[in-house]
Amino acid sequence: MIIVPEREIAGLITPEAAFDAVENVFGAMARGEALNFPVIREAIGHADALYGFKSGFDRAGLVMGLKSGGYWPGNADKGLTNHQSTVILFDPDTGRATALVGGNLLTALRTAAAAAVSIRHLARPDAKVLGMIGAGHQSTFQMRAALAQRRFERVIGWNLHPERLSRLQEVAQEHDLPFEAVDLPQMREADVIITITSSFDPILMSDHVADGTHIASMGTDTKGKQELEPALVARARRFTDEVAQSVSIGECQHAVAAGLIGADDIAEIGAVINGTYPGREGAREVTLFDGTGVGLQDLAVAAAAVRLAGEKGVAIEVDF
Ligand code: NAD
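None of these values were measured; they are calculated from a predicted model. (Residues numbered from 1 in each chain as written. Predicted model: local features only at pLDDT ≥ 70, side-chain atom pairs only at ≥ 80, totals over all residues. Heavy atoms only, no water.)

1. Notes on the overall build of the protein
Helices and strands together make up the secondary structure of the protein, namely 10 helices and 18 strands. Taking 20 Å as the expected radius of gyration for a compact globule of 320 residues, we find that the protein reaches 19 Å, a close match to that expectation. Once the C-alpha set of the protein is aligned to its principal axes, its extents read approximately 60 × 40 × 40 Å. Expressed as a percentage of the 320 residues in the protein, the buried residues total 55%. (Helix = DSSP H or I, 4+ residues; strand = E, 2+ residues; numbered from the N terminus. Rg over C-alpha atoms; globule rule 2.2 N^0.38 Å. Buried < 20%, exposed > 50% of the residue type's maximum accessible area, 1.4 Å probe, protein only.)

Have a look at this one:
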């Protein structure tokens, strides 16, 4: 069995490698070659923690396994990241465990890659202004991956606590781009908007979004969370990583519950990647990617990490 510790991940997986792994597995999902199993995530009545696992099997890539972990709000006081996760991979021919991989940075990279994949396939080619909503841990990963997809000329940002926007400003400076903190209605200036918050109420209203915008809604990954006004979800053409998760734990759960859309009104982005379903149709359409976070993304980047760890000689091999 191979162990790839968390400390090695940064030296192994680039944002480009994460992008390729996620784009490939989304395509495999839409071809019916990769199965995503239902998510388990529960409040465990200890340490205020949420614990669970995401799992699946990619028959095309022969990657099988699970990511286990969750959210421990008291971790910051212990000098640890609140989100903790570990990936275990299994041999699909025998069921034997083959690898144990640190999953914290991988989660950040695969989530950023999912939004970036959506921007590559759905945003207008001439997109110039990137709008960021949210300035937490995940936001800088999302912003860096997004900036690689179009020739952005400016970044605008909003956060509940505006002082935290400085971390987005720093990323903009790294890319020689101007950054401006804005009120939500000013998001109409953005061509691409990424939402990455822990909100349980709508933040971005339909009035805040201009025609032709692509929205990557990445924060809503649990029942009850919400970032977008349902009318905005109804106005957009909707894409997701997996429809079953989109209507149950993703952003589309609210528009479905309100009777504005049904599951059939949401398409898998993998079908756009495979060229079997149309992507953006025209410069005035609003497109939405509801990125709920599928276990298959985690398995894809973990398998890449194991392969690269072997090549670079940093994998730890143990008898198991
Ligand atoms: P974080 O705790 O570091 O940051 C939380 C962000 O949400 C901050 O910007 C905060 O200001 C904002 N926020 C909190 N409550 C809000 C409210 N009521 N209204 C508006 N903004 C509010 O978290 P993070 O690691 O940056 O993750 C952000 C979100 O993304 C979380 O909800 C997390 O579960 C989710 N996430 C989703 C995926 C996925 O695959 N879809 C993957 C990782 C994280």
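2. So, the packing of aromatic side chains
Scanning the entire structure with this criterion turns up two aromatic pairs. Ring geometry for Phe239 and Tyr277: centres 6.2 Å apart, planes at 75 degrees, overall edge-to-face. Linking Phe239 in strand β15 (residues 237-240) with Tyr277 in the loop between α9 (269-274) and β17 (287-290), this pair joins segments that are 38 residues apart in sequence. On the basis of relative accessibility, which here comes to 0%, the residue Phe239 falls in the buried class. Taking relative accessible area as the criterion, Tyr277 reaches 36% and is therefore assigned partly exposed. (Phe/Tyr/Trp six-rings, centres within 6.5 Å; stacked < 30°, edge-to-face > 60°.)

3. A word on the domain arrangement of the protein
Taken domain by domain, the protein holds domain 1 (2-107 + 296-317) and domain 2 (125-293). When each unit is reduced to the centre of its C-alpha atoms, the spacing between domain 1 and domain 2 is 24 Å. In this assembly, 13 residues from domain 1 lie in contact with 16 residues from domain 2. Roughly 1,200 Å² is buried in total at the junction of domain 1 and domain 2, and carbon and sulfur atoms are behind 57% of that figure. Here domain 1 is connected to domain 2 by zero salt bridges. (Domains from an automatic or database assignment. Contact = heavy atoms within 4.5 Å. Buried area = accessible area lost by both parts, 1.4 Å probe. Salt bridge = Lys/Arg side-chain N within 4 Å of Asp/Glu carboxyl O.)

4. Structural notes on the side chain of Glu285
Within the secondary structure, Glu285 sits in the loop between α9 and β17. You can call Glu285 buried: its relative accessible area is 18%. A polar contact is formed between the side chain of Glu285 and the side chain of Arg237, at a distance of 2.8 Å. Filtering out sequence-adjacent residues up to four positions away, Glu285 remains in contact with Gly212, Thr213, Arg237, Gly279 and Arg280. (Polar contact = N/O pair within 3.5 Å; in protein donor to acceptor, adjacent residues only side chain to side chain.)

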